[in-house]
Amino acid sequence: MAANEIDVFANEEKRTLDLGGHVGFDSLPDQLVSKSVAQGFCFNILCVGETGIGKSTLMNTLFNTTFENEEASHYESDVQLRPQTYDLQESNVNLKLTIVHTVGFGDQINKEESYKPILEYIDAQFERYLEEELKIRRSLFNCHDTRIHICLYFIAPTGHSLKSLDLVTMKKLDSKVNLIPVIAKADTVSKSELDKLKIKIMSELVSNGVQIYQFPTEDEAVAEINSSMNTHLPFAVVGSVDDVKVGNKMVKARLYPWGSVQVENENHCDFVKLREMLLRVNMEDLREQTHARHYELYRRCKLEEMGFKDTDPDSQSFSLQETYEAKRKEFLLDLQRKEEEMRQMFVNKVKETEAELKEKEKELHERFEQLKRMHQEEKRNLEEKRRELEEEMNAFNRRKVAAETLMGQALQGCSQPFKKDKDKKKANLNKCD
Amino acid sequence: MIQRKVTDFYECEAVTREHLAILSQLFFRLPEKQYVGFATLPNQVHRKSVKKGFDFTLMVAGESGMGKSTLVNSLFLTDLYKDRKLLNAEERINQTVEIIKHTVDIEEKGVKLKLTIVDTPGFGDAVNNNECWKPITDYIDQQFEQYFRDESGLNRKNIQDNRVHCCLYFIPPFGHGLRPVDVEFMKALHEKVNIIPLIAKADCLTPNEIKKLKDRIREEIDKFGIKVYQFPECDSDEDEEFKQLDKELKECTPFAVIGSNTVVEARGQRVRGRLYPWGIVEVENQSHCDFVKLRNMLIRSHMHDLKDVTCDVHYENYRAQCIQEMTSKLAQDNRMESPIPILPLSTPDVETEKLIKMKDEELKRMQEMLNKMQQQMHDKDQ
């Protein structure tokens, strides 16, 4: 569809025409600017660095304000990311600033997994934007763009070179986000050491293929300043929110017994350069790069994963719609299959339970029968014993009666001649007992 | 280079002479007592020890780039680390910890010191630092074992003492306190060696921040139960000034240190220091850092105490543990021969014998009662 139309245009010659007078479309940039100012801008910074290296202080110094931030502890079990969003305003330009800090980075004893939460966060923001883009009803201009526009990586000034963790992390991040390394706490590195350190760091980055963000040099207006700044990378920064009296001015500085390090003094550190580059000159370029390069790369990889292609093996273009429908059908079939499986499982389970219950019932029955039998036996035994006892009692009673009658007869007759008989009978009685 | 301020032993000698003078005066005041002369014992000890020479083994541990080598050079005013090869970040991803020893003989005012520095390159540098302190603990145990064997051997004339007397642990100043790897390292080593924690690169902290960090670290050391080296209490009859100094010293731990290999010009003098665009940090200026306190403590006053604690506490613990393990092993396996003659332990046996006898009697009584009861039941049945 679109491909054919473009072909038609390519055949026609493009002609430039001269204008007879002032038309007025040179105000287009101004219209664009006033529209975007009305809309407001949004900028997202990711600060990666060890605990206590000065990320929050640098942010406070850069934006000349105090963002609330509690001190992190060294004992987090893994790396977490803490995003915070602020609304700033400067001479009628609104900026929605999101600062994401890494908490617990570099504190664990085993740091092999430290880069993963950072990558996941960056990907999640891209995913969010991609979802919004693929929606049926989308509101891209309204949605809050949370994709990370710049990642400031804070290098600890050990004086020799990068740490192994720094190298590993930067290698993973350079293809996902605009990466700018900064040397933190630079007031611990003297001038000569600083030059050596910068050279060493840059050479290590280059030899390991880490692509840091280069300030753009195509635009003539800023080409010169950008290319000179490129040679000063990585910037050695010092942050401070305390005001110190130097001369007769109050400046932001750090006060030591041997002198004071002024943050905005270019001889002392590169803070001014960083602010210039980051905020005053290249902010828009950073946003563009994020959208045009990093986000597009992510999108392409993601869609390819899902099975979408631009051209199939026969180099005939696919339409997104068809692929999407095919995928959908597959997905639904899959779902159905899974449902069937689950139903089967459910039925099986029910049968099993039923069988178990039946067995248990049978067992109970048996036991019941057994007990009943025992009960009856005992009852019979008891009955027998009772009968025996009764017989004995009857026998005893009869004898008793017999003995009494005999005694009565004996008494009626003479007592003495029958004494012997009596004794005999008594003896008999005794024997009978 | 050697003509500098007083060393430990020079001071000791002066004090001894003073004491000797006072004592001799005392003796001369009491006409009944005659001067015997054993008051010269300290002098004799001094002479002999100077002749014998001293040795000291110092271990430095901490991540790469903390300034360990610079500090050692500043402490002993020599350059121990010529031609050192530093690894790249890439090579350090999977680095294992090595143990490297540097031994130097230095001399000052006739006192010879054989100084051994044990370096631990690679500690904490890899991405996965699980048990990265194991090579270090193994090394310390090895030295203890070596000394143990030598001590129990037949010929004990020339025992070489390679035991580690002190370990300086460098804590990075960039964080808020101790990190998990610091805690684990110190806990693994605190019963084997005297640990002195130091805050490295202290020129990145303002005085307030240093105070906060020191308090934090002391708190965490207490919390995790880490036993760092404690300065011995000073005697009650020392003068107030000494006690005050001692108290200040103890409150200053852990020391915040700065080292430097270069000499700069400051306030008209040439001093060791670091040159910044905003000022000059002097290593030996007490208001800049605690380097002087560390040096005094380590070299000038407590070097011998460190050695004593190592011998009397850490080594003895190791030895006791070793012997216990050996005896329990022997009890199980009679065929094994022990290189060390073990005396028969009589007391525990007697006790156990008694217990066994008692239990036997009880058993017999219970058996008899059972029999009686059985008999009774039998009778009843009949």
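It should be emphasised that the depicted structure is a prediction, and the values quoted were computed from it without experimental measurement.

### Topic: the overall build of chain A
- Regarding its fold elements, chain A presents eleven helices and nine strands.
- A separation of at least 24 residues holds for 66% of the contacts in chain A among residues at least 6 apart in sequence.
- Surface accessibility of chain A: about 29100 Å² in total, with carbon and sulfur atoms responsible for 52%.

### A short note on the UniProt feature "domain: Septin-type G" (unreviewed entry) in chain A
- In this numbering, the UniProt entry assigns the feature "domain: Septin-type G" (unreviewed entry) to residues 39–305 of chain A.
- Structurally, residues 39–305 of chain A comprises 38% helix and 22% strand, and the distance from its first C-alpha atom to its last is 35 Å.

### A closer look at the nonpolar core
- Core analysis: the largest hydrophobic core is formed by 155 residues, its most contacted members being Leu152 of chain A together with Leu168 and Phe185 of chain B.
- Of all the elements, helix α4 (residues 115–134) of chain A adds the most residues to this core, at eight residues.
- Once you skip the residues sitting within four places of it in the chain, Leu168 of chain B turns out to touch Leu58, Met59, Val60, Ala61, Leu75, Ile196, Leu198, Leu294 and Leu298 of chain B.

### Regarding the UniProt feature "coiled-coil region" (unreviewed entry) in chain A
- Under the UniProt annotation, "coiled-coil region" (unreviewed entry) lies at residues 321–406 of chain A.
- Annotated as 100% helix and 0% strand, the span residues 321–406 of chain A places its first and last C-alpha atoms 127 Å apart.

### Looking at the interface of chain B and chain A
- Contact residues are listed per partner, giving 50 residues for chain B and 45 residues for chain A.
- Between chain B and chain A the total buried area reaches about 4000 Å² when both faces are included, carbon and sulfur atoms providing 56% of it.
- Per-residue buried area on chain B facing chain A is highest for Val127, Phe174 and Trp278 of chain B; these three make up 21% of the total on that side.
- For the pair chain B and chain A, the interface holds three salt bridges.
- Notably, a salt bridge pairs Arg274 of chain B with Glu193 of chain A, separated by 2.9 Å at the nearest N-O pair.
- Seen at the junction of chain B and chain A, the total is 17 residue pairs in polar contact (both at pLDDT 80 or more).
- Contributions of two or more residues to the side of chain B that touches chain A are made by α5 (180–189), α6 (207–223), β8 (269–276) and β9 (279–282) of chain B.
- A total of five residues in the side of chain B that touches chain A trace back to one element, the largest contributor, which is α6 of chain B.

### Digging into the UniProt feature "site: Important for dimerization" (unreviewed entry) in chain B
- In the numbering used here, UniProt assigns the "site: Important for dimerization" (unreviewed entry) feature to Phe174 of chain B.
- Checked against the element boundaries, Phe174 of chain B lands in the loop between β4 (166–171) and α5.
- In contact with Phe174 of chain B, other than residues within four places in its own chain, are Thr51, Gly52, Ile53, Ala156, Pro157, Lys185 and Thr188 of chain A together with Met66 and Cys204 of chain B.

### Section: the packing of aromatic side chains
All names here are of chain A.
- This structure, assessed with the given rule, holds 17 aromatic pairs over all chains.
- Between Phe126 and Tyr298, the ring centres sit 5.3 Å apart and the planes meet at 35 degrees, which makes this aromatic pair tilted. Remark: Tyr298 occurs in helix α9 (residues 283–306) and Phe126 occurs in helix α4; sequence separation between them is 172 residues.
- On the basis of relative accessibility, which here comes to 2%, the residue Phe126 falls in the buried class.
- By relative accessible area, which is 10% here, Tyr298 ends up buried.
- Between Phe215 and Phe235 the ring centres are 6.3 Å apart and the planes differ by 20 degrees, which places this aromatic pair in the stacked class. Within this pair, whereas Phe215 is found in the loop between α6 (191–207) and α7 (220–230), its partner Phe235 is found in strand β6 (residues 235–236), the two being separated by 20 residues in sequence.

What counts, and where the lines are drawn
- Residues numbered from 1 in each chain as written.
- Chains lettered and ligands numbered in written order.
- Predicted model: local features only at pLDDT ≥ 70, side-chain atom pairs only at ≥ 80, totals over all residues.
- Heavy atoms only, no water.
- Helix = DSSP H or I, 4+ residues; strand = E, 2+ residues; numbered from the N terminus.
- Contact = heavy atoms within 4.5 Å.
- Areas by Shrake-Rupley, 256 points an atom, 1.4 Å probe, with all protein chains shown as cover.
- UniProt positions renumbered as here; feature names shortened; annotations may be inferred.
- Core = buried A, V, L, I, M, F, W, Y, C linked by side-chain atoms within 4.5 Å.
- Buried < 20%, exposed > 50% of the residue type's maximum accessible area, 1.4 Å probe, protein only.
- Buried area = accessible area lost by both parts, 1.4 Å probe.
- Salt bridge = Lys/Arg side-chain N within 4 Å of Asp/Glu carboxyl O.
- Polar contact = N/O pair within 3.5 Å; in protein donor to acceptor, adjacent residues only side chain to side chain.
- Phe/Tyr/Trp six-rings, centres within 6.5 Å; stacked < 30°, edge-to-face > 60°.

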